[in-house]
Amino acid sequence: MASVCPTRLLGPEDPAPFEVVGYKCSGPFLVTVDHASFTIPKKLGKLGLPDQELKRHIAYDIGALDVAKIVAASLNAPLVYQNFSRLVIDCNRKAHASDLIPIISEYTEIPGNKDLGLEDRSARMDEIHKPYHQAISDMLDNWQGKKPIFLAIHSCTPVYKGQKRDLEIGCLYGTDGQFAHKVLDALRSQIGDAAADNEPYTVSMENDYSVPVHAEARKLPYVEVEFRQDLVSDPDGVKKWARHLLNALESANET
């Protein structure tokens, strides 16, 4: 297959690789969303996919950004989120990860990601992945006062490869689960066992990027949350689950 991006990737019609909301906010949290959008750079077309595939969970974390905006505003926290689909490049993967630029997601092949040359892969890394994480690093480097609590917001499909997921929200962590467990306990006081411990995934310290690099390496308290997408796919659900999370975060931060 011919290279899909022989020169630079992003053009004047594309959005910036990331957005920062509330840069000067002074609350105790920093909020991030790695998979906020299903946007594809113009030069890549639709990666060879029909429109309906780009609106599915394989392309982005449905509802995650909507929840994050409410949570960040309520916490007076800066919010940093990424503007391109995880199918272009997964901003929660390190450079060596096999699924950094996926050629298949769940059961869907991604034609525009097959047989990419080094230049094409580098363009996606240099113009999307690196600027997003540099923005987060810069914010943490220049943080004033007490070190922040890192909050990574994600969402997961209710059915993956035919397997139903019963959790409603998961609290994820790598080697340091101290703050995550406080959030989990507070969530369980609201919704019971539908709040899950390190489900539907665990944080991979080897392959994941955001928590290992920005939180664990800096020894920041943190939690990565996964909302079940069918629960945050409409405005009422977004508001409901934002409130559940806010209550839990406020409780965890007090203990």
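Okay, so let's go over this structure. (Residues numbered from 1 in each chain as written. Predicted model: local features only at pLDDT ≥ 70, side-chain atom pairs only at ≥ 80, totals over all residues. Heavy atoms only, no water.)

## Brief notes about the environment of Tyr 222
Threshold: Secondary structure elements are taken from DSSP: a helix is a run of H or I of four residues or more, a strand is a run of E of two residues or more, and numbering for both begins at the N terminus. A simple rule labels every residue: compare its accessible area, found with a 1.4 Å probe on the protein chains alone, to the largest value its type can have, and call it buried under 20%, exposed over 50%, or partly exposed in between. What qualifies as a polar contact is a pair of N or O atoms within 3.5 Å, subject to a donor-acceptor requirement within protein and to the restriction that residues adjacent in sequence count only when both atoms come from side chains.
Relative to the elements of secondary structure, Tyr 222 occurs in strand β11 (residues 222-228). Taking relative accessible area as the criterion, Tyr 222 reaches 1% and is therefore assigned buried. Here Asp 176 takes part through its backbone oxygen, which lies 3.1 Å from a polar atom of the side chain of Tyr 222. In this structure the side chain of Tyr 222 is engaged in a polar contact, spanning 2.6 Å, whose partner is the side chain of Glu 216.

## A short note on the packing of helix α2 (residues 64-75) against helix α6 (residues 235-254)
Put simply, the rule reads: Only the stretch in contact is used when fitting a helix axis, every axis being a line fitted to C-alpha atoms; angles between N-to-C directions are given from 0 to 180 degrees. Here roughly perpendicular refers to angles of 65 to 115 degrees, roughly parallel to angles under 35, roughly antiparallel to angles over 145, and oblique to all remaining angles. Take the far helix as the reference: if the near one is turned anticlockwise from it by less than a right angle, the crossing is left-handed, and if turned clockwise, right-handed. Every residue pair with non-hydrogen atoms within 4.5 Å of one another is taken to be in contact. As a working rule, the residues Ala, Val, Leu, Ile, Met, Phe, Trp, Tyr, Cys and Pro are called nonpolar, Asp, Glu, Lys and Arg charged, and the rest polar, with Gly in that last group.
Where α2 meets α6, the closest approach of the two axes is 9 Å, and the angle between their N-to-C directions is 45 degrees. What the angle tells us is that α2 and α6 run oblique. Judged by the sense of rotation from one axis to the other, the crossing of α2 with α6 is right-handed. Every residue of α6 that contacts α2 at Asp 66, Val 67, Ile 70, Val 71, Ser 74 and Leu 75 is listed here: Val 238, Lys 239, Ala 242, Leu 245, Leu 246, Leu 249 and Glu 250. For the contact of α2 with α6, the class distribution of residues is nine nonpolar, one polar and three charged.

## Some words on the sheet that holds strand β1 (residues 18-21)
Rule in force here: Any two strands between which DSSP finds at least two bridges are classified as paired.
Pairing is mixed across the open sheet formed by seven strands, whose spatial order is β1-β3-β2-β6-β11-β9-β10. Edge positions in the sheet fall to β1 and β10 (195-197), since each of these pairs with one other strand and no more. Ignoring strand direction, the axes of neighbouring strands in this sheet form an average angle of 20 degrees. Across seven bridges, strand β6 (residues 149-156) lies against β11 in parallel orientation. Across the sheet, the residue bridging to Ala 152 is Glu 224, located in β11. Packing against the sheet, helix α3 (residues 118-141) makes contact with β1, β2 (29-33), β3 (79-82) and β6, and its axis sits at approximately 170 degrees to β3. Here α6 sits on the sheet in contact with β2, β6, β9 (169-172) and β11, set at roughly 160 degrees to β11.

## Regarding the nonpolar core
Heads up, the condition is: Working definition of a nonpolar core: buried Ala, Val, Leu, Ile, Met, Phe, Trp, Tyr and Cys residues. They are joined through side-chain atoms within 4.5 Å.
Of all hydrophobic cores here, the largest spans 79 residues; its most connected members are Ile 153, Val 183 and Leu 249. Beyond its immediate sequence surroundings of up to four residues, Ile 153 is in contact with Val 31, Thr 32, Val 33, Ala 64, Ala 68, Val 225, Phe 227 and Leu 245.

## Some thoughts on unusual backbone geometry
Of the consecutive residues Glu 199 and Pro 200, the connecting peptide bond is found in the cis state with omega at 5 degrees. Tracing the sequence through the fold places Pro 200 in the loop between β10 and α5 (210-216). Although it is not a glycine, Asp 115 adopts a positive phi angle of roughly 60 degrees. Tracing the backbone through its elements, the reader meets Asp 115 in the loop between β5 (108-109) and α3. The phi angle at Lys 161 is positive, at roughly 50 degrees, despite the residue not being glycine. Its place among the elements puts Lys 161 in the loop between β7 (159-160) and β8 (163-164).

## Section: the environment of Leu 65
Inspection of the secondary structure assignment puts Leu 65 in helix α2. Note on Leu 65: relative accessible area 13%, which makes it buried. Taking the C-alpha atoms as reference points, Leu 65 and Ala 77, twelve residues apart in sequence, are found 14 Å from one another.

## A few points about the layout of surface pockets
Operational definition: In this analysis, the protein atoms alone were mapped onto a 1 Å grid. Cavities are point sets where a 1.4 Å probe fits without being able to get out; pockets are open sets with protein on both sides within 12 Å along at least five of seven lines; lining residues have an atom within 4 Å of a point. Grid points are joined across faces, edges and corners, and a volume is the space filled by probe spheres set on the points.
Volume-wise, the largest pocket comes out at about 590 Å³. Forming the walls of the largest pocket are 29 residues, and the residues nearest its centre are Arg 86, Asp 90, Arg 93, Asp 99 and Tyr 201. Secondary structure elements with two or more residues in the lining of the largest pocket: β4 (104-105), β6 and β11. A total of three residues in the lining of the largest pocket trace back to one element, the largest contributor, which is β6. Across the lining of the largest pocket, the residue classes break down as seven nonpolar, eleven polar and eleven charged. What the second largest pocket holds in volume is close to 270 Å³. Lining the second largest pocket are 14 residues, and of these Lys 146, Ile 149, Phe 179, Pro 221 and Asn 253 lie nearest its centre. Of all the elements in the fold, those that place two or more residues in the lining of the second largest pocket are α4 (178-191) and α6. Sorting elements by how many residues they give to the lining of the second largest pocket places α4 first, with three residues.

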